[in-house]
Amino acid sequence: MTKHNIHIPVMLDDVIENLSIQKNDRIIEGTAGFGGHTQKILKKLDKSGLYIGIDQDKTAISHSKNQFKEYPFAHHYHDNFSNFETYLTTHKHATFTKFFLDLGISSYQIDEASRGFSHRFDGPLDMRMNINNPIDAKEVVNTYSAESLSNIFYHYAEIRHNKKLVDNLIQTRKTTPLKTTTDLRNIIKKSYFFHNKRSLFMKTCSQVFQALRIEVNQEFKHIETTLPKLEKYANDSAIIIILTFHSCEDRLIKQFIKQSKTLEFNPKSVIKPSKIERTNNSRSRSAKCRIIQKKLP
Ligand SMILES: C[S@@+](CC[C@H](N)C(=O)[O-])C[C@H]1O[C@@H](n2cnc3c(N)ncnc32)[C@H](O)[C@@H]1O
């Protein structure tokens, strides 16, 4: 086990303030994680309300379930948030009033070497948020075609110059299939000139790992499935908040909302973390808090 950094919830006060939680809200948190935001959400509800927490990481959702067991109106489910409507039905509701997503991975996931999410630790090339996921990162790098790999690096992490990286992956795996994060890191190292700049190397590693993680967990597909369901299951006064962490995922949300007939951005549209938060919590640096509401009829 790696030593875990505590996951500091991003933009906690902004999220809570803008969700404007009422005691009887029906709130869905699709990325419950280890409950950093949940804590404050639950304090705002009473037994007339309903909280549905979902996470596809079994360790995270088990932890949250146990942590908040004294709240009788809180229910936790191990699932993908793209299935959220199932749990509205379970609780005999047709709509939600509040919906919150804090996209991406948690510090726990990044810092646990055995999960393979981080280029900073040696671990298996795994990267599955859900251990039941049929594909892991090893399978992606060792079996995908050159064209698919190139598309993944380009579309999921905006790595434009990826030809040498893809060529090196394909050449290496012919004789020695990649097994570990270190194997991948070594290929990244020989694919670019970093001019002895460690920061540039680290940035490229982060981008490559991000792209593979998005592919393994089909992150964009699940966001794309969820967005139309938000239109369908939001009640008339619903508020939806989504924290995004990179431009590719933020673009998906923006494009969808701009063409939506029933949802729109709140006039504030987007809030960014304060300078103090960015200094104190490096994970918050690229965060954007998108606030979405129902259009008036
Ligand atoms: C950034 S963390 C959430 C942290 C949480 N807000 C907190 O402050 O403790 C994101 C969590 O969302 C989960 N996750 C990401 N995509 C998901 C999806 N499509 N369905 C369900 N859970 C997902 C991850 O497993 C991870 O635990």
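Everything numeric here is computed off the predicted structure, so don't read it as measured data.

About the thresholds
- Residues numbered from 1 in each chain as written.
- Predicted model: local features only at pLDDT ≥ 70, side-chain atom pairs only at ≥ 80, totals over all residues.
- Heavy atoms only, no water.
- Helix = DSSP H or I, 4+ residues; strand = E, 2+ residues; numbered from the N terminus.
- Buried < 20%, exposed > 50% of the residue type's maximum accessible area, 1.4 Å probe, protein only.
- Contact = heavy atoms within 4.5 Å.
- Right-handed = clockwise from strand over helix to strand, strands pointing away.
- Core = buried A, V, L, I, M, F, W, Y, C linked by side-chain atoms within 4.5 Å.
- 1 Å grid on protein atoms, 1.4 Å probe; cavity = no way out; pocket = protein on both sides within 12 Å on 5 of 7 lines; lining within 4 Å.
- Points joined across faces, edges and corners; volume = space filled by probe spheres on them.
- Nonpolar A, V, L, I, M, F, W, Y, C, P; charged D, E, K, R; others polar.
- Pairing = 2+ DSSP bridges.
- Axes fitted to C-alpha atoms, helices over the stretch in contact; angles between N-to-C directions.
- Phe/Tyr/Trp six-rings, centres within 6.5 Å; stacked < 30°, edge-to-face > 60°.
- Lys NZ or Arg CZ within 6 Å of the ring centre and 35° of its normal.

**Q** Before we move on, can you summarise the side chain of T31 with the specific residues and values?
**A** Of note, T31 is situated in the loop between strand 1 (26-29) and helix 2 (38-44). A residue is classified by how much of its surface remains accessible, and T31, at 15% relative accessible area, is buried. When residues no more than four places from it in sequence are discounted, the contact partners of T31 are I54, D55, F81, F100, L101 and D102.

**Q** Tell me about the pairing of strand 1, and please be specific about residues and values.
**A** Alternating positions in strand 1 separate into two faces, R26 and I28 on one and I27 and E29 on the other, with burial throughout. For the crossover that starts at strand 1, traverses helix 2 and ends in the parallel strand 2 (residues 50-55), the hand is right-handed.

**Q** Break down the nonpolar core for me, citing the residues and quoting the values.
**A** Counting 62 residues, the largest nonpolar core has F84, F96, F153, L184, I188, L230 and I242 as the members making the most contacts within it. With eight residues, the top contributor of residues to this core is helix 10 (residues 198-217). Setting aside residues up to four positions removed in sequence, F153 forms contacts with E158, I159, N162, L165, V166, L169, V208, A211 and L212. Counting residues in each nonpolar core, the second largest holds 27 residues, with A32, Y51, I61 and A74 among its members.

**Q** I'd like to hear about the layout of surface pockets, residue by residue, with values.
**A** In this structure, the largest pocket encloses a volume near 1100 Å³. Forming the boundary of the largest pocket are 32 residues, of which I110, S206, S282, R283 and S286 lie nearest the centre. Only helix 5 (107-111), helix 7 (146-157), helix 10 and helix 12 (247-259) provide two or more residues apiece to the lining of the largest pocket. For the lining of the largest pocket, the leading source of residues is helix 10, giving six residues. Of the residues contributing to the lining of the largest pocket, the split by class is eleven nonpolar, 14 polar and seven charged. Considering only enclosed or pocket space, the second largest pocket measures out at about 550 Å³ in volume.

**Q** Which residues make up the sheet that holds strand 3 (residues 74-78), and what are the values?
**A** Strand order in the open sheet formed by seven strands is 3-2-1-4-5-7-6, and the pairing between neighbours is mixed. In the strand order of this sheet, the two ends are held by strand 3 and strand 6 (263-271), each with one partner. Adjacent strand axes in the sheet meet at a mean angle of 15 degrees when their direction is disregarded. Two elements, strand 6 and strand 7 (residues 288-294), share five bridges in a ladder whose sense is antiparallel. Residue pairing for strand 7: V270 is matched across the bridge by R290. The strands touched by helix 3 (residues 58-67) within the sheet are strand 2 and strand 3, with strand 3 carrying the most contacts at an inclination of about 165 degrees.

**Q** Describe the packing of aromatic side chains, naming the residues involved and giving the relevant values.
**A** Applying the stated rule across the entire model yields eleven aromatic pairs. Considering the side-chain rings of F84 and F99, the 5.0 Å spacing of their centres and the 65 degrees angle between planes classify their relative orientation as edge-to-face. Taken together, the residues span a long stretch of sequence, with F84 in helix 4 (residues 84-90) and F99 in strand 4 (residues 96-102) at a distance of 15 residues. For F99, a relative accessible area of 0% corresponds to the buried category. Their ring planes at 70 degrees and their centres at 5.0 Å tell us that Y156 and F220 sit as a pair that is edge-to-face. With Y156 in helix 7 and F220 in helix 11 (residues 219-233), this pair connects stretches of sequence that are 64 residues apart. We classify F220 as buried; its relative accessible area is 9%. Its end group placed over the ring of F245, R283 keeps NZ or CZ at 4.4 Å from the ring centre. Above the plane of the ring of F265 lies R290, whose end atom (NZ or CZ) is 5.2 Å from the centre.

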